[in-house]
Amino acid sequence: MTLPTQLVLRALLEKPTEELYGLEISARAQLASGTIHPILARLESVGWLISRWEDADPHEQGRPRRRYYRLSPDGAVSAREALARATSSRNALSALRPGLAGGAST
């Protein structure tokens with residue numbers, strides 16, 4: 001799992017039942033919107049996310065309609081499990097690499 005995907009999942013897991021629109025997720029994950037939208041589409045395609053378009057009229061709002069995302073119940077469980085695996089994998093790799101190649105240390 002890529003680091004940007006982990007950041008998006010962590011942002012969504014802050015309040016897993018709350019709907020967030022793209023720019024809110026982007027701000028919480030500290031990633032550009034162009035980075036998060038492919039991630040959101042991928043997570044929705046595997047059933048981890050549910051999305052909907054807002055009902056507001058864009059002309060009345062003076063902005064484009066927002067698409068809201070939230071974790072599905074199974075997606076929240078899967079996201080927590082995937083993040084736990086990613087964290088333990090990262091910790092295991094760190095333990096295997098105490099220094100740089102050739103015996104040099106950082």
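Here is what the cut-offs are and how they apply
- Residues numbered from 1 in each chain as written.
- Predicted model: local features only at pLDDT ≥ 70, side-chain atom pairs only at ≥ 80, totals over all residues.
- Heavy atoms only, no water.
- Helix = DSSP H or I, 4+ residues; strand = E, 2+ residues; numbered from the N terminus.
- Expected span 1.5 Å × (residues − 1).
- Buried < 20%, exposed > 50% of the residue type's maximum accessible area, 1.4 Å probe, protein only.
- Arc of directions from axis to C-beta.
- Pairing = 2+ DSSP bridges.
- Contact = heavy atoms within 4.5 Å.
- Axes fitted to C-alpha atoms, helices over the stretch in contact; angles between N-to-C directions.

Participant: How would you summarise helix α3 (residues 33–45) if you had to cite specific residues and measurements?
Facilitator: Helix length check: α3, at 13 residues, gives a terminal C-alpha distance of 18 Å against a target of 18 Å (1.5 Å per residue), a fit within 8%. What α3 keeps buried is the set Ile-36, Ile-39, Leu-40 and Leu-43. Here the buried residues of α3 occupy an arc of 105° about the axis, which is enough to place them on one side. In α3, the exposed residues that point more than 90 degrees away from the buried face are Gly-34 and Ser-45. Phi turns positive one or two residues past the end of α3, at Gly-47, with a value near 90°.

Participant: So what's going on with the pairing of strand β3 (residues 67–71)? Residues and values would help.
Facilitator: With 2 bridges connecting them, strand β1 (residues 20–21) and β3 associate as antiparallel partners. Looking at β3, one finds that Tyr-21 is bridged to Tyr-68. Note: strand β2 (residues 49–53) against β3, 5 bridges, orientation antiparallel. Among the inter-strand pairings, Leu-49 is bridged to a residue of β3, identified as Leu-71.

Participant: Before we move on, can you summarise the sheet that holds β3 with the specific residues and values?
Facilitator: Read from one edge of the open sheet, 3 strands run β1-β3-β2, paired in antiparallel fashion. In the strand order of this sheet, the two ends are held by β1 and β2, each with one partner. Strands β2 and β3 of the sheet are contacted by α3, whose axis makes an angle of about 115° with β2.

Participant: Could you give me a rundown of unusual backbone geometry, with the residues and numbers involved?
Facilitator: The phi angle at Gln-30 is positive, at roughly 55°, despite the residue not being glycine. Relative to the elements of secondary structure, Gln-30 occurs in the loop between α2 (22–29) and α3.

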